[in-house]
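Topology and contacts: notes
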Amino acid sequence: MAELKVAHCSMCGKVFQVTLRNLCNECAEIHDRQYDAVDRYLMKNRQATTEETAEATGVPVKQIREWIRQKKISLSANPNLTDVCDLCGGPSRTGQQLCANCSGRIKKDIDKMLADEQAERERKREHSYKMKAKDEV
C-alpha cells in the first residue's frame, strides 16, 4: 500500500499531503494570487520600488524579495526593485543574498587569505632542510 507523506504548511501550519511547493492547496492558491497581483502591478508600474509594490498589492515585502531571489521577478525589467543584502542590510540588485559591495569584499578577503597562505608555504619551504637518508651518505 502506498504511503502518504504529510507535513505542516509553511504558511498556515495545517497538515497536508506533501507537494513540491510545501504549501497546502488553500495557501498555494493564495500564493499564486499574490504573485499574479504583483506581476500585474509591475507590468503597469515598471518604476515601482519593492515597498511601493508591496503596499499597492498587499503582498509582504519579504515575499516579493523571495521571488526576486528565485528569479521569478526580473530585476532588469523593474529598475527600482531591490532585495536586501544579508550581510550589510543595504539594497541589492544582484538577485543574490549579498550586494555587489559585500560580495566583492568577501572575494577580495578570500584572495588575500589564499595569497597569504601561499606566501607562508613558500617561506616554510625556504627555511626547511632535507635530511639525507643513511644509505645516501
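Overview of the structure. Note on numbering: residues in each chain are counted from 1, in written sequence order. Totals for whole chains, interfaces and linings use every residue, but because this is a predicted model, local features are given only for residues with pLDDT of at least 70 and side-chain atom pairs only at 80 or more, for both listing and counting. Note: side-chain values were computed over all heavy atoms of the structure, leaving out hydrogens and water.

Quick look at unusual backbone geometry
A positive phi angle is found at Asn 22, which is not glycine, with a value near 60°. Each helix corresponds to a stretch of at least 4 residues labelled H or I by DSSP, and each strand to a stretch of at least 2 residues labelled E; elements are numbered beginning at the N terminus. Tracing the chain through its elements places Asn 22 in the loop between strand 2 (15–17) and helix 1 (25–44). Here Lys 71, not a glycine, exhibits a phi torsion of approximately 65°, which is positive. You can call Lys 71 exposed: its relative accessible area is 54%. Burial classification: accessible surface area is computed with a 1.4 Å probe over protein chains only, and a residue below 20% of its type maximum counts as buried, one above 50% as exposed, and the rest as partly exposed.

Description of the packing of helix 2 (residues 50–57) against helix 3 (residues 61–69)
As a packed pair, helix 2 and helix 3 sit with axes 9 Å apart at the nearest point and diverge in direction by 120°. Considering their axes alone, helix 2 and helix 3 lie oblique with respect to each other. Once helix 2 is placed against helix 3, the crossing between them reads as right-handed. Every residue of helix 3 that contacts helix 2 at Thr 50, Glu 51, Thr 53 and Ala 54 is listed here: Val 61, Ile 64, Arg 65 and Ile 68. Each axis is a line fitted through C-alpha atoms, and for a helix only the stretch in contact is used; angles between axes span 0 to 180 degrees, taken between their N-to-C directions. Small angles under 35 degrees read as roughly parallel and large ones over 145 as roughly antiparallel, with 65 to 115 read as roughly perpendicular and the rest as oblique. With the far helix as reference, a near helix turned anticlockwise by less than a right angle produces a left-handed crossing, and one turned clockwise produces a right-handed crossing. By the convention used here, residues are in contact when the closest approach between their heavy atoms is within 4.5 Å.

A look at the environment of Glu 126
With respect to the element layout, Glu 126 can be found in helix 4 (residues 100–126). For the pair Glu 126 and Cys 24, spaced 102 residues apart in sequence, the C-alpha separation works out to 64 Å.

Remarks on the nonpolar core
Residues belong to one nonpolar core when they are buried, are Ala, Val, Leu, Ile, Met, Phe, Trp, Tyr or Cys, and are joined through side-chain atoms within 4.5 Å. Listed in full, the eleven residues of the largest apolar core are Val 38, Leu 42, Ala 48, Ala 54, Val 59, Ile 64, Trp 67, Ile 68, Ile 73, Leu 75 and Leu 81. Elements represented by at least two residues in this core include exactly helix 1 and helix 3. Looking at this core element by element, the count peaks at three residues for helix 3. Beyond its immediate stretch of four places on either side in the chain, Ile 64 contacts Val 38, Thr 50, Thr 53, Ala 54, Val 59 and Ile 73. Counting residues in hydrophobic clusters, the runner-up holds six residues, among them Phe 16, Leu 23, Cys 24 and Ala 28.

Looking at the pattern of salt bridges
The rule for a salt bridge is simple: a side-chain nitrogen of Lys or Arg has to be within 4 Å of a carboxyl oxygen of Asp or Glu. Across all of its chains, the model carries eight salt bridges by this definition. Linked through salt bridges whose partners overlap, the residues forming this network are Arg 69, Asp 83 and Asp 86.

What to know about the packing of helix 1 against helix 3
Remark: helix 1 packs on helix 3, axes separated minimally by 11 Å, with the N-to-C direction vectors making an angle of 80°. In this view, helix 1 runs roughly perpendicular relative to helix 3, as classed from their interaxial angle. Of the residues in helix 3, those in contact with His 31, Gln 34, Tyr 35 and Val 38 of helix 1 are Gln 63, Ile 64 and Trp 67. Gly is put with the polar residues, along with every residue not named as nonpolar or charged; the nonpolar set is Ala, Val, Leu, Ile, Met, Phe, Trp, Tyr, Cys and Pro, and the charged set is Asp, Glu, Lys and Arg. A per-class count over the contact of helix 1 with helix 3 returns four nonpolar, three polar and no charged.

So, helix 2
Regarding helix 2, the residues found buried are Thr 50, Thr 53 and Ala 54. In an axial view of helix 2, the angular spread of the buried residues amounts to 100°, which keeps them on one side of the axis. Where helix 2 is buried, its residues contact helix 1 and helix 3. Where helix 2 ends, the next residue or the one after it, Gly 58, has phi of about 80°, a positive value. The arc in question is the one spanned by the directions pointing from the helix axis to the C-beta atoms.

So, the packing of aromatic side chains
Each pair of aromatic rings taken from Phe, Tyr and Trp, with Trp reduced to its six-membered ring, is defined by centres within 6.5 Å and is described as stacked if the planes are under 30 degrees apart, edge-to-face if over 60, and tilted in the remaining cases. Per the counting criterion, the structure on display carries one aromatic pair. Measuring from centroid to centroid gives 5.2 Å for Tyr 35 and Trp 67, while their planes differ by 85°, and the two rings are edge-to-face. Placement of Tyr 35 in helix 1 and of Trp 67 in helix 3 is noted, with a sequence separation of 32 residues between them. Overall, the relative accessible area of 23% leaves Tyr 35 in the partly exposed class. Overall, Trp 67 belongs to the buried group, its relative accessible area being 0%.

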